[in-house]
Amino acid sequence: MAENCQVKFTEFKSDQSVKWCPGCGDHAILNSVQKAMAALGYKKEEVAVISGIGCSSRFPYYMETYGFHTIHGRGSAVASGVKVANPELKVWQITGDGDALAIGGNHFIHTIRRNIDINVILFNNQIYGLTKGQYSPTSKRGFISKTSPFGTVESPFRPGELCIGARGQFFARCIDTDIKHSVVMLEEAARHEGTSIVEVLQNCVIYNDKTHNAITDKKHSTDRTIKLEHGQPMIFGKEKNKGLMLDGLNLKVVTIGEEGITEDDILVHDAHCDDITLHLKLADMEYPEYPVALGVIRSVQAPVYDQCIEEQLEAVQEKSKIKSFTDLIHSGDVWDVE
Amino acid sequence: MGKRSKVIERDEVVVRFSGDSGDGMQLTGTLFSYTSAIFGNDISTFPDYPSEIRAPQGTISGVSGFQVHFGHTEVYTPGDYCDVLVAMNPAALKANAKWMKPGGTVVLDVDSCDEKNLRKAGYETNDPIAESKLRDYNIVKAPITTLTKESLKDMGLDNKSILRSKNMYALGLVYWLFDRSLDHTKEYIKKKFAKNQLVVDANVKVLDDGYNYGNIIQALTPSYHIHPADIKKGKYRNLSGNVAVAWGFLAAAEKSGLELFLGSYPITPATEILQELSARKDLGVKVFQAEDEIAGICTTIGASFAGNLAVTTTSGPGLALKGEAIGLAVIAELPIVIVNVQRGGPSTGLPTKTEQSDLMQALYGRNGESPAVVIAASSPTNCFDYAFYAAKIAVEQMTPVILLTDGFLANGTQPWRLPNMEEWPKIEVPTADVNDKTWHPYKRDLEKMSRSWAKPGVAGLEHRIGGLEKDEHSGAVSHDALNHQRMVEIREEKVQKIANVVPELELLGDEDADILVVGWGGTFGHLFTAVDELQSEGHKLALAHFNYIKPLPRNTYEVLKRYNKIVVCELNLGQFADYLTMNFPDIQTLRFNKVQGQPFTVIELKEHFKTLLEE
């Protein structure tokens, strides 16, 4: 596909020098986004990249598209306004675990609930980086940081669970440095009509280095993650011999070839299934009990807010006798003074 | 129509309908005001209802009122004191007794005056008239409940529906009192209940019976005669301040050729603007009912970035929540209008009552040097004009504009002469020129100091903006110290330059006045009436009333410096007076402040001005 597109991925790079720390996972994500946009055949002028506040939210400055770096937590509200005002635009929102899930939690869930057609990339590094190292709403319980020197006493959000709980119809997960897979996830998100959430497990090299290492480290990642694909059996592991099965209402990890289990016993991933039960289970899987699910966990078609707005406007306008402001003021209770 | 025994000829009359919040007083008052307007009177109305949806029945806190002021001459306020009070229960009588004009008429539903209701209303005796010192008034003790039941007994309606028609009986009686036609109200009833002939018949019957009751008891009470007013010819309709704001934006969208976007969260007393625009899909309005106040303005900012005429509506507490985002619109230099329908504060305060105490919040309630244009409407119908001009200034000057109205303007109504939209100015959209090789997002029109609008979708104008300070010459992020100071000054200068397109301050009254009365926003009607009446009593006064607050009209100082005695009247503790002192330190002002959730009364203003005149 990349061969056919008009805009090369390098053309999506702006002239601004990128100011993230060397080694930050954000560099890789920027790369993935530019590659995905090129692969999607986007034109630069039809893209609006909207962000809130945080390290990741500097993103729009590095994109040679329309961009708006807004205020903390409000990126999805601004992006919603952009999309509703001009549904022709490809609207991408860049956010982080603090921006989306702490200060912007309300906008995050309501954007998802409305199912506005924007693509949200959620950089999850489980830390506040820009303010130099405080725990975030995705930091694990007991996490030590500058504001939790004795460990946090609160439970983290699981972004996938929150998204699906807010009636999200698209949720995917990928790893910052796995550009090839990330590009595919971003393309899938872009093609999905409605709000798409892509959680990128991102490494903050300065304040929370190697936070995802247990699963992202190349030595172990094939054993500790599972790349879900729609219609494919849920198999993972270096030997491709581990799989997921249902055990009552729970998932369990099994080994093919042991205890009489064959590939036919393994669950087949249905990302398009309307029922959220299995998607929630998959999104919530945590290492070491389970492999962490990567890939498109959920992708279901549902009415899209911005499209519904347009349809309703058309339907009402077709029927109404009021075609102009002057028509409006002359309608109803009007009297003459002679 | 029978011969009238006693007729009072009057230039103007104030009628207040008052009852339990479930008694339908708002509808009764609205129907009465329509009929008066169609008759040709000038009118001004104001509803006064509790913030509870259904406060305990029969209590003073549950009293809901609707006041109509109509006249043979122009009227500028809904009136202070009533000539006629319709009280559907003792609580309504008790709550309004102090607002009666000496010698006025009280129509009281005596059926409601049982022991239980009298105690609930706080009367200690069984003679509420005496207890409220209303003995010298014309009291029409009408058994409205009994008569309504009697009127409808053979219609086959259930008791609840019958009791619900009491208000139409009272309305019929009031129509008799003012010799008004029942036609418009009957038309309304027929339309409203078109699907239920029984309800139509019942309401029409009680309305007629109420009217006839007036005819029968006429020996007991005077009727009022108010001739039509001498009003400019044309087509009219009744308009409330909130609907006027919504319509001002619709007109601005048409005149600018932009799509209209509203991002808003329901809040009293601003919600009606959101409701009105939600219903205007026929005119292509995109309305986004947001999850909170912040999303209300942030979606608005997004829509503005994308090229819509974008507005958000709120009241004081909501403006507080929107503060940070207004700052974003200031630094991003995007056009948006923020409507603040002021109410009593701080915090939740008095949600259904009026106040002018958000002026300083509108001017300064943000972090950093964050100048925005501040405009205030001063009558229900000129909310249309100022919403239109707020949008025009926002778009043409690329700036957020805060439009202040208040609960009094928002819910008050006046007859509105339908404008000929061809006579209204165009709104010029400062679209960025794609052929300008030197274009960057912060390149300015040096006359206005404003930037251009480059809307996403246009190839060649891709750009990034945001809340970080930008370089004056390239629009790139800049932390340079001197550049920041320069940009701060430019943003202020841009707003100040708008004084060039704002009309000069108009002086109403005597050039050589002994007192200059100064006001702003929603107090105009009361201030003007007080000044006007004192002038006709031979005093020398003038009124300078402000609609443009930031920037101030360019002749403000010139006007103010001519007077030795200036009294700034406002419904707060003196915020505008402070603002004037800040701007013009050598101008000394007196203050007249009221913070009771109520408008000024003309009487209290006149008394105060008279005292000042004597000093």
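Numbering of residues starts from 1 in every chain and runs along the sequence as written. Lettering for chains starts from A, numbering for ligands starts from 1, and both go in the order in which the items are written. In keeping with the predicted nature of the model, local features appear solely for residues at pLDDT of at least 70, side-chain atom pairs appear and are counted solely at 80 or more, and the whole-chain, interface and lining totals rest on all residues. To obtain the side-chain values, all non-hydrogen atoms of the structure were included, while hydrogens and water were left out.

## Re the UniProt feature "domain: Thiamine pyrophosphate enzyme TPP-binding" (unreviewed entry) in chain A
Argument step 1. UniProt positions are given in the numbering used here, feature names are shortened, and annotations may be inferred rather than shown by experiment. Using the residue numbers shown here, the UniProt feature "domain: Thiamine pyrophosphate enzyme TPP-binding" (unreviewed entry) corresponds to residues 53-200 of chain A.
Argument step 2. This span, residues 53-200 of chain A, is 32% helix and 22% strand, and a straight line between its end C-alpha atoms measures 17 Å. Segments assigned H or I by DSSP are reported as helices when at least four residues long, segments assigned E as strands when at least two residues long, and all are numbered from the N terminus.

## Side note on the sheet that holds strand β2 (residues 66-69) of chain A
Argument step 1. An order of β9(A)-β13(A)-β7(A)-β8(A)-β4(A)-β3(A)-β1(A)-β2(A)-β19(B) is seen for the 9 strands of this open sheet, with the pairing classed as mixed. Each edge of the open sheet carries a strand with a single partner, namely β9 (225-228) of chain A together with β19 (464-466) of chain B. Mean inter-strand twist for the sheet, computed between neighbouring axes without regard to direction, equals 20 degrees.
Argument step 2. Where strand β7 (residues 170-175) of chain A lies against strand β13 (residues 292-299) of chain A, 4 bridges are found, and the strand directions are antiparallel. Residue pairing in the sheet places Ala172 of chain A in a bridge with Val296 of chain A of β13 of chain A.
Argument step 3. Any two residues whose heavy atoms approach within 4.5 Å are treated as being in contact. What counts as an axis is a line fitted to C-alpha atoms, over the stretch in contact for a helix, and the angles between N-to-C directions run from 0 to 180 degrees. The strands that helix α6 (residues 179-191) of chain A touches are β3 (90-96), β4 (118-124), β7, β8 (196-201), β9 and β13 of chain A; relative to β7 of chain A, the one it contacts most, it runs at about 165 degrees.
Argument step 4. Across the sheet, helix α12 (residues 293-305) of chain B touches β1 (47-51) and β2 of chain A together with β19 of chain B, and the angle it forms with β2 of chain A is around 155 degrees. Two strands pair if DSSP finds at least two bridges between them.

## Quick look at the interface of chain B and chain A
Argument step 1. In this assembly, 69 residues from chain B lie in contact with 58 residues from chain A.
Argument step 2. When two components associate, each loses some accessible surface as probed by a 1.4 Å sphere; the sum of these losses over both components is called the buried area. A per-residue breakdown of the area chain B buries against chain A is headed by Lys286, Glu291 and Arg464 of chain B, which together make up 14% of the total.
Argument step 3. By salt bridge we mean one thing: a side-chain nitrogen of Lys or Arg within 4 Å of a carboxyl oxygen of Asp or Glu. Inspection of the region where chain B meets chain A yields 4 salt bridges.
Argument step 4. Between Arg464 of chain B and Glu64 of chain A there is a salt bridge, with its nearest N and O atoms 3.2 Å apart.
Argument step 5. At the level of elements, α1 (25-39), β9 (234-240), α10 (241-256), β11 (286-289), α12, α13 (316-332), β16 (413-417) and β19 of chain B are the ones that each hand at least two residues to the side of chain B that touches chain A.
Argument step 6. Sorting elements by how many residues they give to the side of chain B that touches chain A places α12 of chain B first, with 8 residues.
Argument step 7. By the convention adopted, Pro, Cys, Tyr, Trp, Phe, Met, Ile, Leu, Val and Ala count as nonpolar, Lys, Arg, Asp and Glu as charged, and the other residues, Gly among them, as polar. Taken together, the residues that form the side of chain B that touches chain A break down as 40 nonpolar, 12 polar and 17 charged.
Argument step 8. When β2 of chain A meets β19 of chain B, the two strands line up parallel, connected through 3 bridges. Directly across from Phe68 of chain A, in β19 of chain B, lies its bridge partner Ile465 of chain B.

## Section: the pattern of salt bridges
Argument step 1. Inspection of every chain in the model, using the stated rule, returns 37 salt bridges over all chains.
Argument step 2. In this structure, Arg114 of chain A and Glu291 of chain B form a salt bridge, with 2.8 Å as the shortest nitrogen-oxygen distance. With Arg114 of chain A in helix α4 (residues 105-114) and Glu291 of chain B in the loop between β11 and α12, the pair connects residues from two separate chains. When sorted by exposure, Arg114 of chain A lands in the same class as Glu291 of chain B, which is buried.
Argument step 3. A salt bridge links Glu161 of chain A to Arg158 of chain A; the shortest N-O distance between them is 3.8 Å.
Argument step 4. Exposure classes here rest on a 1.4 Å probe applied to the protein chains alone. A residue is buried below 20% of its type maximum, exposed above 50%, and partly exposed in between. The class of Glu161 of chain A is partly exposed, set by a relative accessible area of 32%.

## Some thoughts on the sheet that holds strand β23 (residues 548-550) of chain B
Residues and elements named next belong to chain B.
Argument step 1. Spatial ordering of the open sheet is given by β11-β10-β12-β13-β15-β14-β23, a layout of 7 strands whose pairing is mixed. One side of each edge strand has no neighbouring strand; the edge strands of this open sheet are β11 and β23. Adjacent strand axes in the sheet meet at a mean angle of 20 degrees when their direction is disregarded.
Argument step 2. Sheet analysis places strand β10 (residues 260-264) next to β11, joined by 4 bridges and oriented parallel. Bridge assignment links Phe261 to a residue of β11, and that residue is Lys286.
Argument step 3. With respect to the sheet, α13 is in contact with β12 (309-314), β13 (336-342) and β15 (400-406), its orientation differing from that of β13 by roughly 160 degrees.

## Some points on the packing of aromatic side chains
Argument step 1. Only rings of Phe, Tyr and Trp enter the pairing, Trp through its six-membered ring, and a pair is recorded when the two centres are within 6.5 Å. The plane angle decides the type: under 30 degrees is stacked, over 60 is edge-to-face, the rest tilted. If you walk through the whole model with that rule in mind, you get 34 aromatic pairs over all chains.
Argument step 2. Measuring from ring centre to ring centre gives 5.0 Å for Phe388 of chain B and Trp424 of chain B, while their planes differ by 75 degrees; the resulting arrangement is edge-to-face. Remark: Trp424 of chain B occurs in the loop between β16 and β17 (444-445) and Phe388 of chain B occurs in helix α15 (residues 382-397); sequence separation between them is 36 residues.
Argument step 3. When its relative accessible area of 0% is taken as the criterion, Phe388 of chain B is described as buried.
Argument step 4. Grouping aromatic residues by their ring pairs yields a cluster made of Phe325 of chain A together with Trp247, Phe384, Phe388, Tyr389, Trp416 and Trp424 of chain B.
Argument step 5. The ring of Tyr442 of chain B has Arg451 of chain B sitting right over it, with the charged end atom 5.1 Å from the ring centre. Here, over-ring charges are defined by two tests on the NZ atom of lysine or the CZ atom of arginine: distance to the ring centre within 6 Å, and angle to the ring normal within 35 degrees.

## Focus on helix α17 (residues 481-496) of chain B
Residue and element names in this part refer to chain B.
Argument step 1. The length a helix should cover is 1.5 Å for every residue beyond the first. The terminal C-alpha atoms of α17 lie 23 Å apart, and with 16 residues this matches the ideal 22 Å at 1.5 Å per residue to within 8%.
Argument step 2. Taken residue by residue, α17 has Asn483, Met487, Val488, Ile490, Arg491, Lys494 and Val495 as its buried positions. Buried residues of α17, viewed axially, fall in a sector of 160 degrees; they line one side. Turned more than 90 degrees away from the buried face of α17 sit Ala481 and Leu482, all of them exposed.
Argument step 3. Where α17 is buried, its residues meet α13, β14 (373-376), α15, β17, β18 (450-451) and β23.
Argument step 4. Under this definition, polar contacts are N or O atom pairs within 3.5 Å; protein pairs additionally need one hydrogen-donor-capable and one acceptor-capable atom, and for neighbouring residues in sequence, both atoms have to be side-chain atoms. Residue Asp480 occupies the N-cap position of α17, its side-chain oxygen lying 3.2 Å from the main-chain nitrogen of Leu482. This arc describes the spread of directions from the helix axis toward the C-beta atoms.

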